[in-house]
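Coordinates in review
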Amino acid sequence: MLVNVTTSSVINASVEQVWAKIRDFNGLPNWYPSVIDSHIENGEPSDKISCIRSFNREDGLNLREQLLGLDDQKYVCTYFLLEPNKPMEDYICTIRLLPITDGDRTYIEWFANFKCLPEEEPELRQNLEQVFQVGFDALNKIFSR
């Protein structure tokens, strides 16, 4: 079964400020709370399409993701989860920013597409929505200082 999960929020900062955090494919530890470290494999630049980031979370999980797209004009970053944990397959994720000119804020969408068994979908959807919301909350906290 193909699943699409889309979440959105408003960040109280300009699109340029938020993009500076999101754009750095190796910068997760600088804004996402449970990520403790990250590195780009083979010493490649963090904005090179096809580079792979390997990061560790506080729960001990190591994840590897490959950068598929990075568009500085449209404020879009797309990546693929390598070696996903079962029951997900073919996990592709995109973060897209849009400027909100009223108040110089940012509309952010974080969405994922993946395959799973139908009975796994509700729990996976809920987990991803939580993961994305944690990111939104962290970004708002950073920019509220």
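This section reports on the structure supplied with the text. It should be emphasised that the depicted structure is a prediction, and the values quoted were computed from it without experimental measurement.

Quick notes on the rules
Residues numbered from 1 in each chain as written. Predicted model: local features only at pLDDT ≥ 70, side-chain atom pairs only at ≥ 80, totals over all residues. Heavy atoms only, no water. Buried < 20%, exposed > 50% of the residue type's maximum accessible area, 1.4 Å probe, protein only. Helix = DSSP H or I, 4+ residues; strand = E, 2+ residues; numbered from the N terminus. Arc of directions from axis to C-beta. Contact = heavy atoms within 4.5 Å. Axes fitted to C-alpha atoms, helices over the stretch in contact; angles between N-to-C directions. Parallel < 35°, antiparallel > 145°, perpendicular 65-115°, else oblique. Left-handed = near helix turned anticlockwise from the far one by under 90°. Nonpolar A, V, L, I, M, F, W, Y, C, P; charged D, E, K, R; others polar. Phe/Tyr/Trp six-rings, centres within 6.5 Å; stacked < 30°, edge-to-face > 60°.

Of all the positions in helix H1 (residues 15–23), only Val 15, Val 18, Trp 19 and Ile 22 are classed as buried. Looking straight down H1, one finds its buried side chains confined to an arc of 100°; they lie on one side. Where H1 is buried, its residues meet strand S1 (2–11), strand S4 (62–71), strand S5 (76–82), strand S6 (89–100), strand S7 (105–115) and helix H2 (121–143).

Between H1 and H2, whose axes approach to 11 Å, the crossing angle comes to 125°. If you check the angle between H1 and H2, you find them oblique. Judged by the sense of rotation from one axis to the other, the crossing of H1 with H2 is right-handed. Mapping the contact onto sequence places Gln 17, Val 18, Lys 21 and Ile 22 in H1 and Leu 139, Ile 142 and Phe 143 in H2. Split into classes, the residues belonging to the contact of H1 with H2 amount to 5 nonpolar, 1 polar and 1 charged.

Attention now moves to the packing of aromatic side chains. Taken as a whole and judged by the stated rule, the model has 8 aromatic pairs. Ring centres of Phe 25 and Tyr 79 lie 6.1 Å apart, and the angle between their planes is 55°; this geometry places the pair in the tilted category. One end of the pair, Phe 25, is in the loop between H1 and strand S2 (35–40); the other, Tyr 79, is in strand S5, with 54 residues separating them in the sequence. Among the residues examined, Phe 25 registers a relative accessible area of 1% and is labelled buried. The exposure class of Tyr 79 is buried, given its relative accessible area of 4%. Where Tyr 32 meets Trp 110, the ring centres are 6.5 Å apart and the plane angle is 90°; that geometry is what we call edge-to-face. Of the two residues, Tyr 32 is situated in the loop between H1 and S2 and Trp 110 in strand S7; the sequence distance between them amounts to 78 residues. Each member of the pair, Tyr 32 together with Trp 110, is buried.

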